[in-house]
Amino acid sequence: MSQYHPILFFLQLGVLVSLGLAGYCAYRLRRHGRSLVVLSVGLLAVSIAIYNGAAAMKTASLALPGKLWWYKLEFLGSLALPSVAVTLALAYVGQERWLTRPVLAVLVGIPAVAVPLIIANPGSVMITEPTLVETGGFWALEHGHPPLFVMVAAWGEGATLLAALVVGGSGLFGNARRAPALILGAALGLPYGALMLKTLQVYPPGGEGINIVPAFASGMLVIVALAIARYRLFDLLPVGRSKAFGVMDDGYMLADATGTIVDANEAARTLLGEERLTARAVGEAISELRWPGATGGPVGTGDPVGAGNLVGADGQEEAADPVTATVEGRTLQMRSSSVRDGRKAVGRVFMLRDITPLREREQALKEENERLDRFASVLSHDLRNPLNVAQGRLQLAKEQLTKEVGSDPEGHVTSAERALRRMNEIIEDMLLLTWSEQELSPGDLGPVDLEAAARAAWDHVDAPKATLEVESSTRLRGHEGRLQRLLENLFRNAIEHGGKAVSVTVGALPDVQSPPGEQSLLGGQLPSKGTSSSGGLSSGGLSSGGLSSGGLSSGGLSSGGFFVEDDGPGIPVERREKVLEGGYSSREKGTGLGLSIVQGIAAAHGWSTLITEPVSESSTESQAGGARFEFRSDGMQGG
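Residues numbered from 1 in each chain as written. Predicted model: local features only at pLDDT ≥ 70, side-chain atom pairs only at ≥ 80, totals over all residues. Heavy atoms only, no water.

Engineer: Please give an account of the overall build of the protein chain that cites residues and values.
Structural biologist: On a plain count of helices and strands, the protein chain comes out with 16 helices and 17 strands. With 639 residues in all, the protein chain has 43% of them scored as buried. A sequence separation of at least 24 residues applies to 68% of the contacts in the protein chain between residues at least 6 apart. Approximately 32000 Å² of the protein chain is accessible, and the part contributed by carbon and sulfur atoms is 56%. (Helix = DSSP H or I, 4+ residues; strand = E, 2+ residues; numbered from the N terminus. Buried < 20%, exposed > 50% of the residue type's maximum accessible area, 1.4 Å probe, protein only. Contact = heavy atoms within 4.5 Å. Areas by Shrake-Rupley, 256 points an atom, 1.4 Å probe, with all protein chains shown as cover.)

Engineer: I'd like a rundown of the packing of aromatic side chains, residues and numbers included.
Structural biologist: All chains considered together, the criterion is met by 7 aromatic pairs. With a centroid separation of 5.6 Å and an interplanar angle of 80 degrees, the aromatic rings of phenylalanine 562 and tryptophan 607 are classed as edge-to-face. One end of the pair, phenylalanine 562, is in strand 15 (residues 561-566); the other, tryptophan 607, is in the loop between helix 16 (594-605) and strand 16 (608-612), and 45 residues separate them in sequence. Judged by its relative accessible area of 1%, tryptophan 607 is buried. Residues phenylalanine 562 and phenylalanine 631 carry aromatic rings whose centres are separated by 4.9 Å and whose planes lie at 20 degrees to one another, so their mutual orientation is stacked. Note that phenylalanine 562 is positioned in strand 15 and phenylalanine 631 in strand 17 (residues 628-632), a separation of 69 residues in sequence. (Phe/Tyr/Trp six-rings, centres within 6.5 Å; stacked < 30°, edge-to-face > 60°.)

Engineer: Quick rundown of the pattern of salt bridges? Include the residues and the values.
Structural biologist: Tallying each qualifying case throughout the model produces 10 salt bridges. Its salt-bridge partner being arginine 269, residue glutamate 266 comes within 3.0 Å of it at the nearest N-O pair. Of this pair, glutamate 266 and arginine 269 both sit in helix 10 (residues 266-272), 3 residues apart, which is roughly one turn of that helix. According to the relative accessible area criterion, glutamate 266 is partly exposed, its value standing at 43%. Given the relative accessible area of 14%, arginine 269 is considered buried. Ionic pairing is found between glutamate 274 and arginine 280, a salt bridge with its closest N-O pair at 2.9 Å. (Salt bridge = Lys/Arg side-chain N within 4 Å of Asp/Glu carboxyl O.)

Engineer: Let's hear about the nonpolar core: which residues, and what values?
Structural biologist: Judged by nonpolar contacts, the single largest core of 39 residues is most densely connected at Val41, Leu44, Leu188, Met220 and Phe234. Secondary structure elements with two or more residues in this core: helix 1 (7-32), helix 2 (36-60), helix 4 (80-92), helix 6 (147-173), helix 7 (178-199) and helix 8 (213-231). By residue number, the principal contributor to this core is helix 4, which donates 9 residues. Not counting residues within four places of it along the chain, the set of residues in contact with valine 41 comprises Leu21, Cys25, Leu88, Val224, Ile228 and Phe234. In terms of nonpolar packing, the next biggest core, distinct from the first, is built from 36 residues, Ala457, Trp458, Leu490 and Val579 among them. (Core = buried A, V, L, I, M, F, W, Y, C linked by side-chain atoms within 4.5 Å.)

Engineer: Outline helix 4, supporting the account with residue identities and numerical values.
Structural biologist: The terminal C-alpha atoms of helix 4 lie 18 Å apart, and with 13 residues this matches the ideal 18 Å at 1.5 Å per residue to within 8%. Most of helix 4 is tucked away, with 12 of its 13 residues classed as buried. (Expected span 1.5 Å × (residues − 1).)

Engineer: Lay out the pairing of strand 4 (residues 261-264) with the relevant residues and their values.
Structural biologist: In terms of strand pairing, strand 3 (residues 251-256) meets strand 4 through 3 bridges, oriented antiparallel. If you follow alanine 255 over to strand 4, its bridge partner there is isoleucine 261. The antiparallel hairpin formed by strand 3 and strand 4 contains 4 residues in its connecting segment, where glycine 259 sits at a positive phi of about 85 degrees. (Pairing = 2+ DSSP bridges.)

Engineer: Account for the side chain of aspartate 250, naming residues and giving values.
Structural biologist: Structurally, the position occupied by aspartate 250 is in the loop between helix 9 (236-247) and strand 3. Ignoring any residue separated from it by four or fewer positions in sequence, one finds aspartate 250 in contact with Asn265, Ala267, Met351, Leu352 and Arg353.

Engineer: Tell me about a nonpolar patch on the surface, residues and numbers included.
Structural biologist: On the surface, Tyr4, Phe9, Phe10, Leu13 and Leu16 cluster together into a nonpolar patch covering about 600 Å² of accessible area. Within the secondary structure, leucine 13 sits in helix 1. (Patch = residues over 30% accessible without salt bridge, like charges linked within 9 Å, V, L, I, M, F, W, Y side chains within 5 Å.)

Structure representation (structure tokens):
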């Protein structure tokens with residue numbers, strides 16, 4: 001025998017909704033792998049399906065034993081619900097670390113002990129005096145509530161309320177997205193609300209024997225399903241993004257259309273020295289950071305953000321230039337951009353970064369450059385001036401000695417002249433070396449024709465018997481003056497080591513990959529028989545910009561770079577690693593700075609330097625010796 005009540009429709013519908021959502025969660029787990037949020041929602045759906053199914057059978061039953069049996073089976077689902085809800089809440093807000101073994105023992109242990117006690121009910125420890133009562137033509141189950149039953153029921157209500165507060169509180173005061181967190185928190189709180197109504201003896205039509213909690217639990221699942229569809233609760237993107245904002249070093253704040261902060265991560269609170277940022281005005285939180293274009297006050301007093309007018313009516317002011325300020329001894333940089341829902345601006349994102357180390361490095365580089373400038377000043381003035389005086393006086397002394405004696409019999413004056421000339425050469429090289437190692441900014445670079453630079457550099461070389469051949473040309477993105485100095489030093493090096501009649505060849509390199517088997521000085525693969533020293537960031541290159549948008553190019557296409565080679569005696573393989581080091585020279589009278597200057601200029605451009613043997617079309621197989629310098633910036637585009 002059975003009876004009918006309208007609530008049976010909602011209980012049966014709840015079973016169908018629960019099983020449908022449980023099946024979808026199983027599909028997600030099988031398709032996308034393990035997820036505690038998905039698993040928790042799936043277990044929640046299974047629990048509510050059991051709860052609604054048993055409640056429906058209890059409601060329809062007329063016999064006391066059957067009604068009591070189905071009532072006991074309700075607890076198999078209802079007592080699992082609070083534990084699963086707490087797990088879901090902690091997983092959703094990214095606080096799985098609280099799911100320790102003791103916590104899990106409580107969440108699993110209480111239902112595991114309470115459900116068998118309710119079903120077996122030894123000594124009426126959980127249920128006393130069960131009976132059927134008629135209320136408005138409907139037969140309902142009534143029983144006594146021993147203390148242990150009340151304790152278990154209180155635990156279930158408290159755990160469900162805790163889960164709702166954890167999720168909702170994270171939306172209001174934590175890092176979770178506000179709208180979905182509040183919706184999910186409200187959904188988790190529905191069964192608790194139904195229990196409160198029952199406790200207050202607020203019953204639906206039909207009498208006090210109707211249990212409305214299972215139906216409210218089904219409503220919770222419907223809301224969760226809608227949130228999954230609307231806010232993609234199961235997708236990795238929003239969950240991962242929320243976690244990234246929580247652990248990253250940069251500060252993150254989100255302000256709504258009124259200029260009120262609705263979300264902020266821990267880094268933002270740390271950088272601004274504030275314990276709480278949400279529910280505060282942007283201008284109050286970052287009062288020391290002034291917004292460009294504001295009416296004279298900080299953010300929140302007269303600028304578009306604080307006044308709530310995030311963007312103009314024309315849709316402009318999408319993003320603002322970064323601003324900096326010193327907060328508690330640290331230099332902070334703030335960037336901001338509007339958040340849109342279609343064409344409507346609904347908020348603004350603020351990103352804060354502590355750039356104190358960067359500013360300290362910039363200051364250190366500035367001081368280093370100032371020291372280099374002072375060093376260059378000492379060389380060019382404090383040393384060169386007395387050196388010029390000494391050379392002038394020595395010339396006068398030589399002329400006077402020639403008049404009186406007829407010559408320099410002991411060669412003292414001639415030796416002194418050579419020493420002074422060498423001192424002058426050292427000063428020139430040191431000045432050039434200091435200048436060449438200074439960093440290049442993107443504004444210093446421009447298109448330079450290789451052939452034109454080579455011809456101009458050759459005009460400054462005093463070697464009438466030497467010859468220059470430009471085998472092929474290309475356009476480089478570089479500094480014209482420094483490139484000419486690089487070529488001048490290579491030409492002079494060829495003449496010093498190859499003789500005054502040396503033949504020098506300059507040309508463009510093809511865009512080729514280095515063959516395997518040979519190592520550069522920094523461990524990279526390079527062509528055989530060569531020794532390389534890599535420039536770039538590690539050797540005084542550009543810290544940003546520079547050749548990352550330029551480099552070596554030919555006709556607007558990617559180029560392998562360029563080379564300079566000669567037909568002199570060449571550089572032995574065992575010495576190629578040392579010749580680029582400052583102070584190394586194979587000649588007794590050499591300064592050892594010429595090739596170091598070449599390396600410094602190349603490094604400032606971001607080019608790598610390779611020393612090998614001549615392989616150009618002008619070289620012959622019978623030729624012995626010769627040195628070849630290759631400069632590459634592989635894969636770069638130029639202009």
